[in-house]
Amino acid sequence: MVVGSVLVTGGTGYIGSFTALALLEADYKVVIVDNLYNSSQEVLRRIELISGKKAHYHTCDITDEAALDAVFAAHPDIDNVIHFAALKAVGESGERPLDYYNVNVFGSLCLLRAMKKHHVTNIVFSSSATVYGDATRFPNMIPIPEECPLGPTNPYGNTKVTVEMMITDHVNAERANAKKAGKSGEEFNAALLRYFNPAGSHPSGIMGEDPQGVPYNLLPLLAQVAVGKREKLLVFGDDYASKDGTAIRDYIHILDLAAGHLIALNYLRANHPGVRAWNLGTGKGSTVFEMVAAFSKAVGRDLPYQVVGRRAGDVLDLTANPTRANTELGWKAHRTLEDACADLWRWTENNPQGYRQEPPKAFLEA
Ligand code: NAD
Ligand code: WQD
């Protein structure tokens, strides 16, 4: 029995693909749109191998409103959207901000317009801890609660705050318009999910992060060191005010993050909260050195690194206070850093070419 129908933008990407899997496993119909800018269709096969279920897929650019319109028209049962499609490289966003505004902001505008036209009223949006900027400027706000004032420090973060505002204005206006017309308007809802640092892969070893081009996040870079694609990890600064001098982040297992989307969507459908922001993080910070040690342990040998200067724009501590999601949504991150590292290593070893290869033979034969 299908419990509902979800359009997942960016659904062949890292977080989108794991969320599509979680939705299928929870008996949602899933319709993915993606332009494959940073992903590949092979992931659709992996999702099917794990879940035994198929997602519908359309190659579609979210800045093409007519193309989105056609997807909604082809699936009139879509009643929810989870919106991942975006450009996400912080450094690059400073070099070509207009591309970031085009995809992230204009693309979201096209999506909201198409949703309005097709009377789709629930949206879960991929926001980011980056909206808080340097939260250490408020010492009583570490770990970071949702009430922390927003203050993004790069164009990517600016696009995320802009889209949060656009969704908020849209949902509030639709609710008010419905009320004026004598209706409840409570069907209009949005979850703004601010995630911290996603980590890890599927325990089966056949689904994981497969960035096209050069990765810039810590764990994918460490994985490249482990397989010899990279000589060593460059540690960006050991002069922070942390226990070992390296910066602190909140690494959340991708399966816990994906589950958070499913739970947030179910919450919107059952509780009609209007617009609400939730942090998705573990509440536990880890330093870069702790991450190097944890991943080295999963690999079974020490991985080489060299301390270099701080990376521009980095901050000491980005750890979530996830209390709101814990209490309101009943969601909690259950998996450990050790799980994330072990799963990432299994994925890396089994799929040296990522999704540009057949699924590992051992899995197909099992
Ligand atoms: P990803 O790059 O793996 O996934 C994004 C997907 O969107 C890709 O499949 C890409 O091909 C697609 N896409 C890009 N431009 C598109 C367009 N114009 N039309 C249609 N599809 C398009 O990234 P991810 O890590 O899975 O991130 C998903 C979302 O989560 C993004 O909105 C990102 O900003 C946000 N986010 C990511 C992180 C992180 O560290 N990975 C942290 C916080 C928030
Ligand atoms: C983690 C830690 C680095 C690489 C980014 C975005 C954020 C969100 C998640 C999208 C930091 C250190 C890293 C390396 C290192 N994305 N590091 N050597 O910067 O916390 O967050 O991704 O919304 O918005 O900013 O993640 O993985 O790049 O870095 O020492 O080669 O690892 O300094 O302390 P970050 P990251």
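Quick caveat: nothing in here was measured; it's all calculated off a predicted structure. (Residues numbered from 1 in each chain as written. Chains lettered and ligands numbered in written order. Predicted model: local features only at pLDDT ≥ 70, side-chain atom pairs only at ≥ 80, totals over all residues. Heavy atoms only, no water.)

## Concerning the pattern of salt bridges
If you walk through the whole model with that rule in mind, you get 24 salt bridges. Here K88 and E209 are joined by a salt bridge, their closest N and O atoms 3.7 Å apart. Taken as a pair, K88 in the loop between strand 4 (80–83) and helix 4 (90–95) and E209 in the loop between strand 7 (197–199) and helix 7 (218–226) lie far apart in primary sequence, 121 residues in all. A salt bridge links R194 to E164, with the shortest nitrogen-to-oxygen separation between them at 2.8 Å. With R194 in strand 6 (residues 189–195) and E164 in helix 6 (residues 155–180), the pair connects residues that are 30 residues apart, well separated along the chain. Residues joined by salt bridges that share partners form a network here, namely E42, R45, R46 and E358. (Salt bridge = Lys/Arg side-chain N within 4 Å of Asp/Glu carboxyl O. Helix = DSSP H or I, 4+ residues; strand = E, 2+ residues; numbered from the N terminus.)

## Structural notes on the pairing of strand 3 (residues 56–59)
Here 4 bridges tie strand 2 (residues 28–34) to strand 3, and the two strands are oriented parallel to one another. Within the sheet, the bridge partner assigned to V33 lies in strand 3 and is H58. Running through helix 2 (residues 42–51), the crossover from strand 2 to the neighbouring parallel element strand 3 is right-handed. (Pairing = 2+ DSSP bridges. Right-handed = clockwise from strand over helix to strand, strands pointing away.)

## Quick notes on the sheet that holds strand 14 (residues 317–318)
Taken together, the 3 strands give an open sheet; going across it, the order is 12-9-14, and neighbouring strands pair in mixed fashion. This sheet does not close on itself; its edge strands, each paired only once, are strand 12 (286–287) and strand 14. The pairing of strand 9 (residues 248–249) with strand 14 spans 2 bridges and is classified as parallel. Looking at strand 14, one finds that R249 is bridged to L318.

## Observations concerning the environment of L255
By the element assignment, L255 lies in helix 8 (residues 254–271). Residues contacting L255, with those up to four places away along its chain left out, are F18, H202, P203 and R335. (Contact = heavy atoms within 4.5 Å.)

## Examining helix 3 (residues 65–74)
Restricting attention to buried positions, one finds in helix 3 the residues L68, D69, V71 and F72. Taken around the axis of helix 3, the buried residues stretch over an arc of 160 degrees, which confines them to a single face. Residues of helix 3 that are buried sit in contact with strand 1 (4–9), strand 2, strand 3, strand 4 and helix 5 (97–117). (Buried < 20%, exposed > 50% of the residue type's maximum accessible area, 1.4 Å probe, protein only. Arc of directions from axis to C-beta.)

## So, the environment of A223
Inspection of the secondary structure puts A223 in helix 7. The spatial distance from the C-alpha of A223 to the C-alpha of Y14 is 16 Å, given a sequence separation of 209 residues. With near-sequence residues (within four places) excluded, A223 lies in contact with F295, L344 and T348.

## Notes on the UniProt feature "domain: NAD(P)-binding" (unreviewed entry) in the protein chain
Mapped onto the present numbering, the UniProt feature "domain: NAD(P)-binding" (unreviewed entry) falls on residues 7–343. The span residues 7–343 shows a helical share of 41% and a strand share of 17%, and its end C-alpha atoms are spaced 28 Å apart. (UniProt positions renumbered as here; feature names shortened; annotations may be inferred.)

## Focus on the site of ligand 2
Close contacts around ligand 2 come from 19 residues, with S128, Y156, L234, R249 and D314 the closest. Between an oxygen atom of ligand 2 and a main-chain N or O atom of L218, the distance comes to 2.8 Å. At 2.6 Å from a nitrogen atom of ligand 2 is found a main-chain nitrogen or oxygen belonging to L234. In isolation ligand 2 offers 690 Å² of accessible surface; the protein chains occlude 90% of this area. Elements supplying a minimum of two residues to the shell around ligand 2: helix 7 and strand 8 (233–236). Per-element accounting of the shell around ligand 2 gives the leading share, 4 residues, to strand 8. In the shell around ligand 2, the residues fall into 12 nonpolar, 4 polar and 3 charged. (Near = heavy atom within 4 Å. Polar contact = N/O pair within 3.5 Å; in protein donor to acceptor, adjacent residues only side chain to side chain. Areas by Shrake-Rupley, 256 points an atom, 1.4 Å probe, with all protein chains shown as cover. Nonpolar A, V, L, I, M, F, W, Y, C, P; charged D, E, K, R; others polar.)

## With respect to the sheet that holds strand 2
Read across the sheet, 7 strands follow the order 3-2-1-4-5-6-11 without closing on themselves; strand pairing throughout is parallel. Each of the sheet's edge strands pairs with one partner strand only, and the pair in question is strand 3 and strand 11 (275–280). Looking at each pair of strands side by side, their axes are set apart by 20 degrees on average, direction ignored. Along the sheet face, helix 6 touches strand 5 (122–128), strand 6 and strand 11 and points at about 160 degrees away from the line of strand 5. On the sheet, helix 8 packs against strand 1, strand 2, strand 4, strand 5, strand 6 and strand 11 and is oriented at approximately 160 degrees with respect to strand 6. (Axes fitted to C-alpha atoms, helices over the stretch in contact; angles between N-to-C directions.)

## Overview of helix 9 (residues 288–299)
Compared with an ideal rise of 1.5 Å per residue, which puts 12 residues at 16 Å, helix 9 spans 16 Å between its outermost C-alpha atoms and is within 8% of the ideal. Taken as a whole, helix 9 has its buried residues at V288, F289, M291, V292, A294, F295, S296 and V299. On the buried face of helix 9, the contacting elements are helix 7, strand 8, strand 10 (251–253), strand 12, strand 13 (305–308) and helix 11 (337–350). (Expected span 1.5 Å × (residues − 1).)

## Concerning the site of ligand 1
Neighbouring residues of ligand 1: 27 residues in total, closest D34, N38, S39, F84 and Y156. A distance of 2.8 Å is found between an oxygen atom of ligand 1 and a backbone nitrogen or oxygen belonging to I15. A distance of 2.8 Å separates an oxygen atom of ligand 1 from a polar atom in the side chain of K160. With the chains in place, 95% of the 830 Å² that ligand 1 exposes on its own is no longer accessible. Residue assignment for the shell around ligand 1 shows that the elements contributing at least two residues are helix 1 (14–25), strand 5 and helix 6. The greatest single-element share of the shell around ligand 1, amounting to 3 residues, is contributed by strand 5.

## Quick notes on the packing of helix 9 against helix 11
Interaxial distance between helix 9 and helix 11 falls to 9 Å at its minimum, and their mutual angle equals 50 degrees. Looking at the two axes, helix 9 sits oblique to helix 11. The two elements helix 9 and helix 11 cross, and the hand of that crossing is right-handed. Contact with helix 9, carried on its side by M291, A294, F295, A298 and V299, involves L337, C341, A342, L344 and W345 of helix 11 and no other residues of that element. (Parallel < 35°, antiparallel > 145°, perpendicular 65-115°, else oblique. Left-handed = near helix turned anticlockwise from the far one by under 90°.)

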